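Report on the structure
Okay, here's what each chain looks like letter by letter:
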Amino acid sequence: MEVQIKTLAKELQAAEEDPFEAGVVSDYVMEHIFEPLLRDEQLFFKDMDFSRFSQEDIRDLYNYIERRDAYHDCLCRLNAFFCMAEPVSVKARTFC
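Residues numbered from 1 in each chain as written. Predicted model: local features only at pLDDT ≥ 70, side-chain atom pairs only at ≥ 80, totals over all residues. Heavy atoms only, no water.

Now for the nonpolar core. If you look at the biggest cluster of nonpolar residues, it comprises 10 residues: Val25, Tyr28, Val29, Met30, Ile33, Phe34, Met48, Phe53, Leu61 and Tyr64. Residue assignment for this core shows that the elements contributing at least two residues are helix 2 (27-38) and helix 3 (55-84). Ranked by residues supplied to this core, first place goes to helix 2 with 5 residues. If we ignore the near neighbours within four places in the chain, the residues touching Leu61 are Val25, Val29, Met30, Ile33 and Phe34. (Core = buried A, V, L, I, M, F, W, Y, C linked by side-chain atoms within 4.5 Å. Buried < 20%, exposed > 50% of the residue type's maximum accessible area, 1.4 Å probe, protein only. Helix = DSSP H or I, 4+ residues; strand = E, 2+ residues; numbered from the N terminus. Contact = heavy atoms within 4.5 Å.)

Inspection of the entire model under this criterion finds 3 salt bridges. Taking the shortest distance from any N to any O, the salt bridge between Arg39 and Glu41 comes out at 2.8 Å. Residue Arg39 is classed as partly exposed on the basis of its relative accessible area of 49%. Taking the relative accessible area as the measure of exposure, Glu41 reaches 39% and is therefore partly exposed. The residue Glu56 makes a salt bridge to Arg59 at a minimum N-O spacing of 2.9 Å. Placement of the pair is Glu56 and Arg59 together in helix 3, with a separation of 3 residues, close to one helical turn. (Salt bridge = Lys/Arg side-chain N within 4 Å of Asp/Glu carboxyl O.)

Nothing here speaks to function; it is geometry throughout.
Shown next, in the form of structure tokens:
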């Protein structure tokens, strides 16, 4: 597998920007549910204030996690592509 750097650079310049958008997820849900789960902390029902979020907020969190995972998978596939590419030596010296 070969990577054409000049072609890649041109295509990246022409590509439309597709930034990761977190979407709207409740601050309470992010701070008291999502972030503790990322830290592998246990969540207890007794510690949650159910009046601060709704079922829709949990759906928003689920959608956020799906989008985040999809972006992660794309980046992993791109990384694998570059890792499988054979290195090519430079024909001319770049430095003295």
